[in-house]
Structures are given as C-alpha cells and as structure tokens.
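Given next are the chains, with one letter for each unit.
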Amino acid sequence: MKHTLYIVLSLTLTISLLSCGAGQNKSEFNTEQKSFSSVNIEVLIEEQTLNVRAIEIMDTIGLAYLTSDGKFGMYFHNDAPEFNAVKDLFPIQITHDTITPNFRALALANNKGYGLSIGSPALVFNLDVDLHKNKVVYQENHSKAFYDSMEFWNDEEGIAIGDPIDNCLSIIITRDKGKSWTKIPCSKLPEAKPGEAAFAASDTNIAIVGDNTWVATGGKASRVMFSPDKGMTWEVFNTPIIQGLETTGMYSIDFYDQNNGFAIGGDYTKAEDNVANKIITKDGGKTWKTVSDGVGPGYRSCVKYVPNSNAKQLVAIGFKGIDYSGDAGHTWTHLSDDGYYTLRFVNDSTAYTAGNKRISKLSFK
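Residues numbered from 1 in each chain as written. Predicted model: local features only at pLDDT ≥ 70, side-chain atom pairs only at ≥ 80, totals over all residues. Heavy atoms only, no water.

**A closer look at the overall build of the protein chain**
Line of reasoning, step 1. Helix and strand content of the protein chain: one helix and 29 strands.
Line of reasoning, step 2. Here the protein chain, with 365 residues, has 60% of them falling under the buried criterion.
Line of reasoning, step 3. The contacts in the protein chain between residues at least 6 apart in sequence include a share of 53% that link residues at least 24 apart.
Line of reasoning, step 4. Counting every atom, the protein chain has about 14,200 Å² of accessible surface; 47% of that belongs to carbon and sulfur. (Helix = DSSP H or I, 4+ residues; strand = E, 2+ residues; numbered from the N terminus. Buried < 20%, exposed > 50% of the residue type's maximum accessible area, 1.4 Å probe, protein only. Contact = heavy atoms within 4.5 Å. Areas by Shrake-Rupley, 256 points an atom, 1.4 Å probe, with all protein chains shown as cover.)

Set out below in structure tokens:
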C-alpha cells in the first residue's frame, strides 16, 4: 500500500499551477470574453473545525490545501477515478516535535508540496503522504518571525515573505528545488516603514509573471515591493490604498501580465468600508490609482484575474461575500453573501475557494 501512496502523491503533485501569480502569462490567450452575472456554489468539504487560507490547484486532478490546525489535504475531482482509493487518506496531520503548525501558505513545485506556517518558530515543510517523509527544510526561531505567503517561479526557485524582524520585510528564497532556503539580508532590501508588515489572510501577497515579482505589504504603511529578476534586486512603490492602522492596507495582489495589476484590501475590522480599498496599475506596479472608490465591495482578502479575460475580469472574495468586475475593477456586481478567505481559478469559469468551515467549487455564469 505504501508504494501505491508514493506513486499517487508523485502523480498528484505533477502539476501546472493555474492560480494567478503562479508564473503563467494570462494574456497568451485570445478568446471571446464572457461576462458573469451569477455564481453556483458547490460545497465540497464541510467541517466545523476547518479553517483554510492556503490552497493550490493540481491540474486535471483536483485541489491541495493546508489548514490552520496543521492538516494537509487533497480533494480529487469526481472524474479522476484513479485516485478514488486514496481519497480517505486525507487530511493528514502534520507535526514537528511538539508543534502543530498553523499553515497559511502552500506552494506546489518540482512534484512536491511546500507548506509555510505562521508564528515562531517559522517552518517550511516539504510535504509527503508518508508522515515519516514530511520534513522541515527551513526554520526561523526569532520571536518576531511571522510568514504570510509563498510562491514558486519555476521548479527550481521559490520565494516566501513575512513581517519585518529588523528594518526590512522578511524574504526567504530557494534556488535548489526547495531543499534549502536562504534569508535575504536587509542590506539588499528596501527599508520597511514603521508599522509596515503583511497579512496572512489568503496566501496572495505575492504575484509572479515570468521573472517579475510583486509583494504587497500592509498595516500602517502599504506599498508594493518589486523584483524584475526573481528576487535578486528590489525596489518599492507607494500606493494610494487605505493605510495608517495595523489592520489596513493591501491583503491581496494579482497581476494579469507584466503591466496590468490589481490589489484589494481595506480594514477587516470595518468590513463594509469601501473607500480607497481597491487599486489598479497599468505600468507594472510603478504607479497605482484607486478605482470604485466608495462603491463596490468593502474589505476583501483575495482578488484574482479571471483567466483569458484580457485583464478585464476580476473576482474578489472575503468573509462578506463574492464580487465580480467585468471592467478591470471600475464597477462591481455582488454575486453572493457566502464568505470565504481565498480563491484559485481552474479555468475561465470555474474556481476553488476555501475559508471557515468549508471548501467549495465556484461555477460562474
């Protein structure tokens, strides 16, 4: 049975990441643009203790997810019968010594899964079905360690970001397929402003297109850090999004291509407020402007471009519901009051979403 499990995991993690910011250029396609007016929500997994902010798509197979109480799970499509025999294996409890990790970030690359926990010690796990093969590949014991998001540029190279410890954002990078991770010294990063950090709300603080990387910060200062060369060099750009408090700023950022980007956030303690919580760029993040100011959704924890939409269609979600824009964020339609934390598109009309007590499939119409 164990040999079967190893083969299944290898197959399930042989993936192409379809989530925004996973390195796919979504402007490669030229298809007729759809417009959404409704969403059908199919609850796939429901459990009272479930809390999920980290999900990724396994192409043609299903969904991988991590929970806030240290569980690693997979959901397999009904039309993937070859995996029916292993569906009951998940979720699997992950531990390290006496620590049960609170997972907020997940990445899939090099036929492997990588999980990132918040709090101290900060831990990066190499995930495996066989519990004896789950191992910590990075550990940071600083009392201020708090990591928020993780993505891979390719099968060799990945990045994770977290709150400042000294006078810069915490950024760790792997160049060897996730086997080891190295922290970038503050001397090579922009200096953080007082009260500037990031939010571990949806694992969407990082957007990647090719070698270009954008990182959204939040809190008392909310800016965009940019690297054109996979984390070798960095610069930082100001934004007009609401900021000034520990709970304000960008919670999620996405780029459709190297020029068109969108970020959303607000203040989760004042979730209805929709002033200066949605911003857009058309020059690769150098300059940003507010859109739909004072109208449309308030606080949202995740925003994604719809694939194949020519940077026009967006879906934003949060614990106050699901919203859709067909004009690059200038106007919005509220599709559902159902609350979730994070979202990943499978194609241009289907997505998986996860949050408190539920993981669901969204079909947009």
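**A few points about unusual backbone geometry**
Line of reasoning, step 1. Cis geometry marks the peptide bond from Ser120 to Pro121, where omega comes out at 5 degrees.
Line of reasoning, step 2. The residue Asn310 is not glycine, and still its phi comes out positive at about 55 degrees.
Line of reasoning, step 3. Here Asn310 lies in the loop between strand E23 (302–305) and strand E24 (314–318).
Line of reasoning, step 4. Of note, the phi angle at Ala328 is positive, near 65 degrees, even though the residue is not glycine.
Line of reasoning, step 5. Note that Ala328 resides in the loop between strand E25 (321–325) and strand E26 (333–336).

**So, the sheet that holds strand E5 (residues 103–109)**
Line of reasoning, step 1. In spatial order, the strands read E5-E6-E7-E8; together these four strands make up an open sheet with antiparallel pairing. Two strands in the sheet have a free side with no partner beyond their single neighbour: E5 and strand E8 (135–140). Averaged over all neighbouring strand pairs, the angle between strand axes comes to 20 degrees, with direction disregarded.
Line of reasoning, step 2. Of the strand pairs in this sheet, E5 and strand E6 (residues 112–117) are connected by six bridges, and their pairing is antiparallel. Counted as the bridge partner of Ala109 is Lys112 from E6. (Pairing = 2+ DSSP bridges. Axes fitted to C-alpha atoms, helices over the stretch in contact; angles between N-to-C directions.)

**Some remarks on the state of the cysteines**
Throughout this description, disulfide means a covalent bond between two cysteine sulfur atoms.
Line of reasoning, step 1. The final tally for this structure, using the stated rule, is one disulfide.
Line of reasoning, step 2. One disulfide in the model links Cys168 with Cys186; its S-S distance is 2.1 Å. Handedness of the Cys168-Cys186 disulfide follows from its S-S torsion of about -80 degrees: it is left-handed. Of the two residues, Cys168 sits in the loop between strand E10 (158–162) and strand E11 (170–174) while Cys186 sits in the loop between strand E12 (182–183) and strand E13 (196–197), which places them 18 residues apart along the sequence. (Disulfide = S-S within 2.5 Å.)

**Details of the confidence of the model for the protein chain**
Line of reasoning, step 1. Taken residue by residue, the protein chain gives an average pLDDT of 90. The fraction at 70 or more is 88%.
Line of reasoning, step 2. Long-range and interchain partners of residues 1–31, a stretch whose pLDDT sits below 50, account for 70 contacts in this model, where long-range means more than four residues apart. (pLDDT = per-residue confidence, 0-100.)

**So, the nonpolar core**
Line of reasoning, step 1. With 18 residues, the main nonpolar core has Met58, Leu66, Met74, Ile94, Leu106 and Leu127 as its most contacted residues.
Line of reasoning, step 2. Within the second largest apolar cluster, 17 residues are counted, among which are Met150, Ile165, Ile172 and Trp181. (Core = buried A, V, L, I, M, F, W, Y, C linked by side-chain atoms within 4.5 Å.)

**Some remarks on the pattern of salt bridges**
Line of reasoning, step 1. Tallied over the full model, the rule gives 11 salt bridges.
Line of reasoning, step 2. The closest approach of N and O atoms between Glu157 and Arg175, which form a salt bridge, is 3.0 Å. Residue Glu157 is found in the loop between strand E9 (147–152) and E10, and its partner Arg175 is found in the loop between E11 and E12; the two are separated by 18 residues along the sequence.
Line of reasoning, step 3. With relative accessibility at 31%, the residue Arg175 sits in the partly exposed group. (Salt bridge = Lys/Arg side-chain N within 4 Å of Asp/Glu carboxyl O.)

**A short note on the sheet that holds E10**
Line of reasoning, step 1. Strand order in the open sheet made by the four strands is E9-E10-E11-E12, with antiparallel pairing throughout. The outermost strands of the open sheet, each flanked by one partner alone, are E9 and E12.
Line of reasoning, step 2. Direction of pairing for E9 relative to E10: antiparallel, over a ladder of five bridges. Paired with Met150 across the two strands is Ala160, which belongs to E10.

**What about the pairing of strand E2 (residues 62–67)?**
For a regular strand, side chains alternate in direction, first toward one face of the sheet and then toward the other.
Line of reasoning, step 1. Among the six residues that make up E2, six are buried, leaving the element largely enclosed by the rest of the structure.
Line of reasoning, step 2. Examined bridge by bridge, strand E1 (residues 39–58) and E2 share six bridges and lie antiparallel to one another. Of the residues in E2, the one forming a bridge with Ala54 is Leu66.
Line of reasoning, step 3. Connecting E1 to the antiparallel partner E2 that follows it, the hairpin turn spans three residues, and Thr60 within it adopts a positive phi of roughly 70 degrees.
Line of reasoning, step 4. In this structure, E2 lies alongside strand E3 (residues 71–76), joined through five bridges in antiparallel fashion. From the neighbouring strand, Ala64 faces E3, where its bridge partner is Met74.
Line of reasoning, step 5. Between E2 and E3, which follow one another and run antiparallel, lie three residues, and Gly70 among them has a positive phi close to 80 degrees.

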